[in-house]
Amino acid sequence: MQSGGDEGFREYLALLDRALSQVPAKPVSGDRFQMPKSKVMVIGNRTIIQNFKEIVSTLNRQPEQFFNFLLHELGTAGTIEDTRAVLHGKFSKEKIDSLIEIYTKLYVICPVCRGVDTVLRKEGRVLMMHCTACGAISPARGT
Ligand SMILES: [Zn+2]
């Protein structure tokens, strides 16, 4: 039975064509924010966040501010080493990722327009979030 082979191949190509045409076009600017995910490595009694710098640059926050949040939540100590962060103790990627998410909700996402074009400014003792997209000023919820 040789018949059908060619047919099958053509069908496959058509399928491929269809699949490719369904790949979404370039995202529009101001598109959905992608929650950064950590790359975590545990060595001995240390947890290394290998893409720490990438995470803070996605969040558009000061490395120290985000790092202090992590240390506080994990109840540990640690250091930022160039593009990586080293935590004392063993922590799972899931734990780190969930803290990134919490931090983003508290300190990055504007509560009014849900955008992420925000900056933090210390005003007195309160950390205020200024949204450059909608102009809202709100206290950072974590404070
Ligand atoms: Zn806003």
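Residues numbered from 1 in each chain as written. Predicted model: local features only at pLDDT ≥ 70, side-chain atom pairs only at ≥ 80, totals over all residues. Heavy atoms only, no water.

Participant: I keep staring at the nonpolar core and nothing clicks. Help me out?
Facilitator: Inside soluble globular proteins, nonpolar side chains tend to come together where they are buried. Counting residues in hydrophobic clusters, the biggest one holds 22 residues, and the most contacted among them are I49, F52, F66 and L87. For this core, the elements supplying multiple residues, two or more each, are α2 (52-59), α3 (63-74), β4 (84-88) and α4 (93-108). Residues in contact with F66, not counting those within four places in the same chain, are F52, I55, V56, L59, I100 and Y103. (Core = buried A, V, L, I, M, F, W, Y, C linked by side-chain atoms within 4.5 Å. Buried < 20%, exposed > 50% of the residue type's maximum accessible area, 1.4 Å probe, protein only. Helix = DSSP H or I, 4+ residues; strand = E, 2+ residues; numbered from the N terminus. Contact = heavy atoms within 4.5 Å.)

Participant: Would you mind showing me how to read the sheet that holds strand β3 (residues 78-81) here?
Facilitator: Strand pairing in a sheet relies on backbone hydrogen bonds, with the paired strands running either antiparallel or parallel. Pairing within the open sheet is antiparallel, and its 4 strands lie in the order β1-β2-β4-β3. The sheet is open, and its two edges are formed by β1 (40-43) and β3, each paired on a single side. Strand-to-strand, the axes of this sheet are offset by a mean angle of 20 degrees, without reference to chain direction. Relative to β4, strand β2 (residues 46-49) runs antiparallel, the two being bridged by 4 bridges. By the bridge assignment for β4, T47 is matched with L87. Across the face of the sheet, α3 comes into contact with β2, β3 and β4 while running at roughly 150 degrees to β3. (Pairing = 2+ DSSP bridges. Axes fitted to C-alpha atoms, helices over the stretch in contact; angles between N-to-C directions.)

Participant: I tried to follow the coordination of the zinc ion on my own but got confused; where do I start?
Facilitator: The expected angle between donors at a tetrahedral four-coordinate metal is 109.5 degrees. At an octahedral six-coordinate metal it is 90 or 180 degrees. The coordination sphere of the zinc ion, as far as protein atoms go, consists of C110 (SG), C113 (SG), C131 (SG) and C134 (SG), spread over 2.3 Å. Taken together, the 4 donor atoms coordinating the zinc ion and their angles of 106 to 114 degrees define a geometry best described as tetrahedral. Positions of the donor residues of the zinc ion, expressed as sequence spacing, correspond to C-x2-C-x17-C-x2-C. Of the two residues, C110 sits in the loop between α4 and β5 (118-123) while C131 sits in strand β6 (residues 126-131), which places them 21 residues apart along the sequence. Here C110 matches C131 in class, with each residue buried. (Donors = N, O, S within 2.8 Å, 3.2 Å for Na, K, Ca; no water. Tetrahedral: all angles 85-135°; square planar, octahedral: opposite > 155°, others 65-115°.)

Participant: Just to check I follow, could you spell out the packing of α3 against α4 for this structure?
Facilitator: A packed helix pair is summarised by two numbers, namely the angle formed by the two axes and the spacing between the axes. For the pair α3 and α4, the least separation of the axes is 11 Å and the interaxial angle reads 120 degrees. On the basis of the axis angle, α3 is oblique to α4. When the axes of α3 and α4 are compared, the crossing they make is right-handed. Of α4, the residues touching α3 (which contributes Q65, F66, F69, L70, E73 and L74) are K95, I96, L99, I100, I102, Y103, L106 and Y107. Residues belonging to the contact of α3 with α4 are distributed by class as follows: 11 nonpolar, 1 polar and 2 charged. (Parallel < 35°, antiparallel > 145°, perpendicular 65-115°, else oblique. Left-handed = near helix turned anticlockwise from the far one by under 90°. Nonpolar A, V, L, I, M, F, W, Y, C, P; charged D, E, K, R; others polar.)

Participant: Quick question: what am I supposed to make of the environment of Y103 here?
Facilitator: Mapped onto the secondary structure, Y103 falls in helix α4. For the pair Y103 and F69, spaced 34 residues apart in the sequence, the C-alpha separation amounts to 7.7 Å. Contacts of Y103, omitting those with residues within four sequence positions, involve L59, R61, Q65, F66, F69 and V108.

Participant: Help me understand the sheet that holds β6 in this model?
Facilitator: Taken in spatial order, the 3 strands make up an open sheet running β5-β6-β7, and their pairing is antiparallel. Only two strands of the sheet have a single partner each, and these edge strands are β5 and β7 (137-139). Averaged over all pairs of adjacent strands, the angle between their axes in this sheet comes to 30 degrees, without regard to strand direction. Bridge count for β5 against β6 is 6 bridges, and the pairing is antiparallel. Its bridge partner being in β6, K122 is matched across the sheet by L127. Sheet contacts for α4: β5 and β6; angle to β6, the most-contacted strand, approximately 80 degrees.

It is worth stressing that arrangement in space is one thing and function is another; only the former is reported here.
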